[in-house]
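Each chain, written out:
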Amino acid sequence: MADRMRLLWVPALLVLVAGCGQQPNTQPAAAGHASAHATATVEQPPVVAWTGLAAIDPCALLGPQDRSTAGVSVLGKPKEIAGARACDWTVPGTFGVTVTLSETDGLADLEVAKKTATKTKVGAHPALQVADKKAADGTCAVLLGVGDTASVQIDVSNTGFSDTPLACRRAGTVAGLVEPKLP
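To keep things clear, this report deals only with the structure shown in the data block. (Residues numbered from 1 in each chain as written. Predicted model: local features only at pLDDT ≥ 70, side-chain atom pairs only at ≥ 80, totals over all residues. Heavy atoms only, no water.)

Here's the deal with unusual backbone geometry
Argument step 1. Even without being glycine, Ala82 reaches a positive phi, approximately 50°.
Argument step 2. By relative accessible area, Ala82 is classed as exposed at 85%.
Argument step 3. Of note, the phi angle at Ala136 is positive, near 45°, even though the residue is not glycine.
Argument step 4. Within the fold, Ala136 resides in the loop between strand 5 (125–130) and strand 6 (139–145). (Buried < 20%, exposed > 50% of the residue type's maximum accessible area, 1.4 Å probe, protein only. Helix = DSSP H or I, 4+ residues; strand = E, 2+ residues; numbered from the N terminus.)

Next up, the structure:
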């Protein structure tokens, strides 16, 4: 047990000593080098910090003026969808909008039926509009790519689940309001 505790302290001590007064080393460690072994035992979180999505509150993406433009008369309610942070705005008797931030799934990682997806662009971001026109179920989504490893999904569902073209116009409006606030 004492040997195991000593092994846990070695990587921490190496990091502390190595970091004193030196610039960060961006070169990969040579095979067999002591620091390569020390860092190999430390689990690294997924690299998504550059996207900036972690710093964004999904409910803050639609301010009062944005909500007015989108026809949303209610405040958003934070929620979680499959581990991703989201915000839901439900306009009683009309429609609902959900904005979901995925810090780990880029557009290429999302499972979308090709027959329902149309490639597009919203502002500077690549996007997919997803709607099953044959189902005519009053739902539509716009998926915005944020770098290669993150995305924002805007889902719209009309009350009564009818008028898919209207749902897509609403999703497009919300996507256009959200997009300038994304990294």
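Comments concerning the side chain of Thr164
Argument step 1. Mapped onto the elements of the fold, Thr164 is located in helix 4 (residues 164–178).
Argument step 2. Among the residues examined, Thr164 registers a relative accessible area of 5% and is labelled buried.
Argument step 3. Only 3.2 Å separates the side chain of Thr164 from the backbone nitrogen of Asp137, close enough to count as a polar contact.
Argument step 4. Once you skip the residues sitting within four places of it in the chain, Thr164 turns out to touch Ala131, Ala136, Asp137, Gly138 and Thr139. (Polar contact = N/O pair within 3.5 Å; in protein donor to acceptor, adjacent residues only side chain to side chain. Contact = heavy atoms within 4.5 Å.)

Concerning the pattern of salt bridges
Pairing of side chains with opposite charge becomes possible as their charged atoms draw close.
Argument step 1. The final tally for this structure, using the stated rule, is 2 salt bridges.
Argument step 2. A salt bridge links Arg85 to Glu103, with the nearest nitrogen and oxygen atoms 3.2 Å apart. Taken as a pair, Arg85 in strand 2 (residues 84–91) and Glu103 in the loop between strand 3 (95–102) and strand 4 (117–122) lie far apart in primary sequence, 18 residues in all.
Argument step 3. We classify Arg85 as partly exposed; its relative accessible area is 28%. (Salt bridge = Lys/Arg side-chain N within 4 Å of Asp/Glu carboxyl O.)

A look at helix 4
Argument step 1. Its 15 residues give helix 4 an end-to-end C-alpha distance of 21 Å, which sits within 8% of 21 Å, the value for a rise of 1.5 Å per residue.
Argument step 2. Of the positions making up helix 4, those classed as buried are Thr164, Ala167, Cys168, Arg170, Ala171, Val174, Ala175, Leu177 and Val178.
Argument step 3. Elements that come into contact with the buried residues of helix 4 comprise helix 3 (64–70), strand 3, strand 4, strand 5, strand 6 and strand 7 (151–158). (Expected span 1.5 Å × (residues − 1).)

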